Amino acid sequence: MKQIAPRIYVTPQMPTVLQDCLLTCLTTAQKRVEQFFGTQQAKPVIIAGHNIETIRYFGAPNARTGLTHLAITGAYIVLEPEGINSDVLAHELCHAELLERIGWCSRTFQLPAWFDEGLAMLVDYRFPHAEEEWHILTHNGTYAPDLQSLSTNREFFSNPHHTYLNYLTARHEVKQWYQERGQAGLLAFCRCMAAGNSFKYCYCQK
Ligand SMILES: [Zn+2]
């Protein structure tokens, strides 16, 4: 791997134009996450490859686009060329930021997958019609998946045919929550979780 900036690594074969694109998109994504949380505190390592093999080697055998490993030492974001854009980067940076703010234990043992994904969807602009789609696909919520059944990553991603609807449902729920509470509420939630409280308690406090 070749280091092109602090904590940013690419495969040596990556064309310069793609490397430049990564750095530019990262700046845009960082600004978005900064605006969302007020400041950016996480310092994730980013590993990007010129082909799909990188994400499969460093990420997961079936991975596509981008993913974030949440280690005790911090977050590692792994990207394939298709994931080198501001939306995927902002999405993954949001996972990293939440981990940094609530801590590894709280993230691993308390945080439901739907909240983590729903929050990341709010800084990921790939799906401009997400809300309308959710209303159509679920008949205004009647057939929406139960959030309780989307608590773990395994549940959230278990059925590829349902994953998109899971994302839309998570986004719908967290968007409403964020609209009510705003950034101050999000930061209060993070402090509450970092203090070791249960997700339910922190999510419901006003
Ligand atoms: Zn995600």
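In this text the structure is predicted, and so the values were computed from the model without any measurement.

A. Examining the pairing of strand E4 (residues 66-71) more closely. Relative to strand E5 (residues 74-79), E4 is paired through 6 bridges, and the arrangement is antiparallel. From the neighbouring strand, Ala71 faces E5, where its bridge partner is Gly74. A loop of 2 residues connects E4 with E5, the two strands running antiparallel in sequence.

B. Broad picture of the domain arrangement of the chain. In terms of domain boundaries, the chain breaks down into domain 1 (1-102) and domain 2 (103-206). Once you take the C-alpha centre of each, domain 1 and domain 2 turn out to be 21 Å apart. Approximately 2,100 Å² of surface area, both sides summed, lies buried where domain 1 meets domain 2, with 67% of it carried by carbon and sulfur atoms. Considering only the surface of domain 1 that becomes buried against domain 2, Phe36, His91 and Ile102 emerge as the three largest contributors, covering 36% of it. In this structure, the connection of domain 1 to domain 2 is made through 0 salt bridges. At the junction of domain 1 and domain 2, the tally comes to 11 residue pairs in polar contact (both at pLDDT 80 or more). For the side of domain 1 that touches domain 2, the elements supplying multiple residues, two or more each, are helix H1 (16-37), E4 and helix H3 (86-102). No other element matches H3, which puts 11 residues into the side of domain 1 that touches domain 2. Split by residue class, the side of domain 1 that touches domain 2 holds 11 nonpolar, 5 polar and 4 charged.

Procedures and definitions
- Residues numbered from 1 in each chain as written.
- Predicted model: local features only at pLDDT ≥ 70, side-chain atom pairs only at ≥ 80, totals over all residues.
- Heavy atoms only, no water.
- Pairing = 2+ DSSP bridges.
- Helix = DSSP H or I, 4+ residues; strand = E, 2+ residues; numbered from the N terminus.
- Domains from an automatic or database assignment.
- Buried area = accessible area lost by both parts, 1.4 Å probe.
- Salt bridge = Lys/Arg side-chain N within 4 Å of Asp/Glu carboxyl O.
- Polar contact = N/O pair within 3.5 Å; in protein donor to acceptor, adjacent residues only side chain to side chain.
- Nonpolar A, V, L, I, M, F, W, Y, C, P; charged D, E, K, R; others polar.

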